[in-house]
Amino acid sequence: MNDLTLAEKAALTSGASLWTTKPVERAGIASITLSDGPHGVRRQLTGGDHLGIGRGIPATCMPPAVALGSSWDPDLLRGVGAALGAEARALGVQVLLGPGINIKRSPLCGRNFEYLSEDPLVSGVLGAALVEGVQSGGVGAALKHFAANNQETNRLRVSAEVDERTLREIYLAAFEHVVKRARPWTVMCAYNKVNGEYASQNRWLLTTVLREEWGFDGLVMSDWGAVDDRVAGVWAGLDLEMPTSGGITDALLVEAVRVGRLDPALLDLAVSRVLALVAKARAAQPEAFVAKACAAQPEAIVVKAGAAQPEAFLAESSAVQPEDSVASAPGARPGAVMVAEGGGAVEIDGVRACAHHRLAREVAAQCAVLLKNDGVLPLATSTSVAVLGELARTPRYQGAGSSQIVPTRLDDALTEMRALAGADLPFAPGYRLDHGEPDEALVEQAREVAAAAQVAVVFLGLPEGEESEGYDRAHLDLPAGQRAMLDAVIATGTTTVVVLSNGGVVAVSGWDARVAAILEGWLLGQAGGGALADLLYGVANPSGRLAETIPLRLEDTPSFLNFPGDPDQVRYGEGVFVGYRYHDAVRGEVGYPFGHGLSYTTFAYSDLTVSVKGADEEIEVEVAARVTNTGGRQGREVAQLYVSAPSATVRRPVRELRGFTKVALEPGESAVVRFALGYRDFSYFDVREGRWTAEPGTASVHVGASSRDLRLHAEVALDVAGRRPPLTPDSPLGDWFADDAGRTALLGVAWEPSRFLSEEYARTLGSIPLSRLARFPGSKIDPDSLEELAARVRDDRP
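Residues numbered from 1 in each chain as written. Predicted model: local features only at pLDDT ≥ 70, side-chain atom pairs only at ≥ 80, totals over all residues. Heavy atoms only, no water.

Let's shift gears to the environment of Ala199. Here Ala199 shows up in the loop between strand E7 (197-198) and helix H7 (203-213). Under the relative-accessibility criterion, Ala199 is labelled buried at 0%. Sequence separation of Ala199 and Cys189 is 10 residues, and the distance between their C-alpha atoms is 6.0 Å. Residues within four places of Ala199 in sequence aside, it is in contact with Phe146, Ala147, Cys189, Ala190, Asn192, Lys193, Leu205 and Leu206. (Helix = DSSP H or I, 4+ residues; strand = E, 2+ residues; numbered from the N terminus. Buried < 20%, exposed > 50% of the residue type's maximum accessible area, 1.4 Å probe, protein only. Contact = heavy atoms within 4.5 Å.)

Moving on, we get to the sheet that holds strand E3 (residues 140-146). Ordered by their spatial adjacency, five strands build an open sheet running E1-E2-E3-E5-E8, and the pairing between neighbours is parallel. Bordering the open sheet on either side are strand E1 (34-36) and strand E8 (219-222), each of which pairs with just one other strand. Here the strands of the sheet are splayed against their neighbours by 30° on average, with no regard to which way each runs. The strands touched by helix H4 (residues 120-135) are strand E2 (95-97) and E3; relative to E3, the strand with the most contacts, the crossing angle is about 150°. (Pairing = 2+ DSSP bridges. Axes fitted to C-alpha atoms, helices over the stretch in contact; angles between N-to-C directions.)

In this section: the sheet that holds strand E16 (residues 495-501). The strand order E12-E17-E16-E15-E13-E14 describes an open sheet built from six strands, whose pairing is mixed. One side of each edge strand has no neighbouring strand; the edge strands of this open sheet are strand E12 (369-373) and strand E14 (427-428). Across four bridges, the pairing between E12 and strand E17 (residues 517-520) is antiparallel. Bridge pairing links Asn373 to Ala517 in E17.

Contact geometry for helix H11 (residues 350-365) and helix H15 (residues 528-536): axes closest at 8 Å, N-to-C directions at 50°. Compared by their axis directions, H11 and H15 come out oblique. The element H11 and its partner H15 pack so that their crossing is right-handed. Packed against H11, whose contacting residues are Arg361, Ala364 and Ala365, the element H15 presents Gly528, Gly530, Ala531, Asp534 and Leu535 at the interface. Classifying every residue of the contact of H11 with H15 by side-chain character gives four nonpolar, two polar and two charged. (Parallel < 35°, antiparallel > 145°, perpendicular 65-115°, else oblique. Left-handed = near helix turned anticlockwise from the far one by under 90°. Nonpolar A, V, L, I, M, F, W, Y, C, P; charged D, E, K, R; others polar.)

All right, on to the side chain of Ser159 then. With respect to the helices, strands and loops of the structure, Ser159 is situated in strand E4 (residues 159-161). Here Glu161 takes part through its side chain, which lies 2.4 Å from a polar atom of the side chain of Ser159. Not counting chain neighbours up to four residues away, the residues in contact with Ser159 comprise Lys193, Val194, Asn195, Gly196, Asp568, Gln569 and Val570. (Polar contact = N/O pair within 3.5 Å; in protein donor to acceptor, adjacent residues only side chain to side chain.)

Both strand E26 (residues 697-706) and strand E27 (residues 709-718) contribute to a ladder of nine bridges, which runs antiparallel. When the bridges of E27 are listed, Val701 appears paired with Ala714. What sits between the antiparallel neighbours E26 and E27 is a turn of two residues.

What follows deals with the pattern of salt bridges. When their charged atoms lie close together, side chains carrying opposite charge are able to pair. A complete count under the given rule lists 46 salt bridges for this structure. Across the salt bridge formed by Lys104 and Glu548, the nearest N and O atoms sit 2.7 Å from each other. Of this pair, Lys104 sits in the loop between E2 and H4 while Glu548 sits in the loop between H15 and strand E18 (569-571); the two residues are 444 residues apart in sequence, bridging distant segments of the chain. Residue classification places Glu548 among the buried positions, given a relative accessible area of 4%. Members of the salt-bridge network, linked through shared partners, are Arg111, Glu114, Lys144, Glu152, Arg155 and Glu469. (Salt bridge = Lys/Arg side-chain N within 4 Å of Asp/Glu carboxyl O.)

Within the secondary structure layout, Glu467 lies in the loop between strand E15 (455-461) and helix H14 (480-491). Within polar-contact distance, the side chain of Glu467 engages the side chain of Arg396 at 2.7 Å. At 3.0 Å, the side chain of Glu467 forms a polar contact with the backbone nitrogen of Gly504. Non-local contacts of Glu467, meaning those with residues more than four positions away in its chain, are made with Gly110, Arg396, Ala400, Leu462, Arg473, Asn502, Gly503 and Gly504.

Structure below.
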């Protein structure tokens, strides 16, 4: 690095193009390629864009995070990550931009389909698994969006006003878990401000918390276009601005160093992290640095397929017709697809594509959540079934915006259901996806088709325009046209099953009591149609669980009064009471609770045991319980552990998720699930002390199938001393009385006990700082001696 000029150093800390970093050829420093994720590799060619409007090379579109979060299965996500890493490596991508682990603060967030959960433990555990999977193949992950990026409204300017306790316990906790557990190569900072400071130049976030407290040693990059002040960003700990600024901000850095406004050591530090990332990528993927020029414009792309299953790739996705594919192409391996790019080429392995499509189907089947079932599911092949709803044949399988993947193939539920049923199931579209109002002719057709069947399977959901990166939703309702069709179908008396396709939760309370079953399919990726058919016909057993609460009404959600906020700032007024934490605290009714999900079998819980050893910060609590499959078929259960911790000084949630595990059991089989809890699991973040604090008393542990279905319960006596804030002259009288040493000191120098230590007196004046009470008539205490008194109390404490 010492051989680099100041201009070269500045240039290395910004992009060369939309998707690449700058090389310094004379110094042997290569460029690396980044690509959007997080549920596929959106490898764009020259002329591409950031928001997914342009086409990219076909890649496997895995289920987005909204679905993956409902799997509650880190092993599953680790496998997904490994597949994504393999495809990224094959496409010459060194860093995949994902996963996104921001908390689902409101169901209205337009980008909720890219995030995992309303709970930081689920987001953290599953996010870490994805990162581990991606990086196992030598491709870096970019953990995003750091931090408090929980809405799309005014996202490039809004300031998220969040108190530190809420930040630590809710919005930073998942990032902390992933950073410490999975060691991502990179972290991407968010667009928004956090408490008045842009995330891209927030030194407390990027340096104090991320690096100094959590030990992150990788590279921090900006989201695309998130940098407001490049010099302030480098000072704060931002290493790489993306995309290129055309050299404009490079010059600003050079000038700042020259005039002494920026310490050159800070620029050197950013450069060292860029070089470390390039070196790591080169070591892991030497072939990725072979020149495969992307000189052609998208319209010039030609797809050439080898002998194995060229039909598996969507011809239209690469702007060519099927006849443009040839059985044998010069330079193509059997079973490979070659995407020609001017003088070079990118090769896509057709065998891998087929294997990854099968994986995508298996994963999707474990992500859908069976919300309700009166016994109609699984369907028998002998049952007369009508399939209704345009979404059955025109699937919505991913969100809109920068994460859009061009799939290698795309399954629809109608075709897959007909294949499993072995019959040409009758179908009616029922509504138009491009028009939200009822189409009376389509509604009537659907009613007639439903009336002639034993079971009507109705596909409903959100059209693409209802939710996207860049804007938030306005309500939780399904389109009026879909609801009109559903009402008409229900009115026929035919048993009705609803299948949902949506990236954010939708209200079901207006119609769920009138249908026999509801399968929440979220957005399930390119193989979701096959997965839904597998679930409906019992080829697969539902095992997804809700990673977010489905409320009865939007007005019931904790952020309702503070989302999306004012034009320049949004106040996180609900504090730590996000999602189920709020609903449980107010004992509110919900549509379906956090953690809920049904199966085609049943599970029983028994034999709860709790053991405790150690004390204070070394305390260890081991929890075990037996889960038994009491039904007639194999199934997977998600055992969930919640903790109710004692607190005398701050308001705590009624219970919080502190562990979960997914187990697969045959009929009659049982397994013991085990959880290990530590001091942090019983703690809150004490902002006065700047650290995690567990308070003495009795905690409760609960094990069950959801936040509202807790089967087992035990009490735990916490052998912890708690942490008392140091007494100062400005501490209120109540704190002095509550501290044995402080109370003794006051009795020795202050008022008569009969007057000033009465219960009434303590309640009335206990909140007044001692420094002010010392000036009251009759206090008999010298205000100038308070510092000495406080110091003596600190020395007398055990």
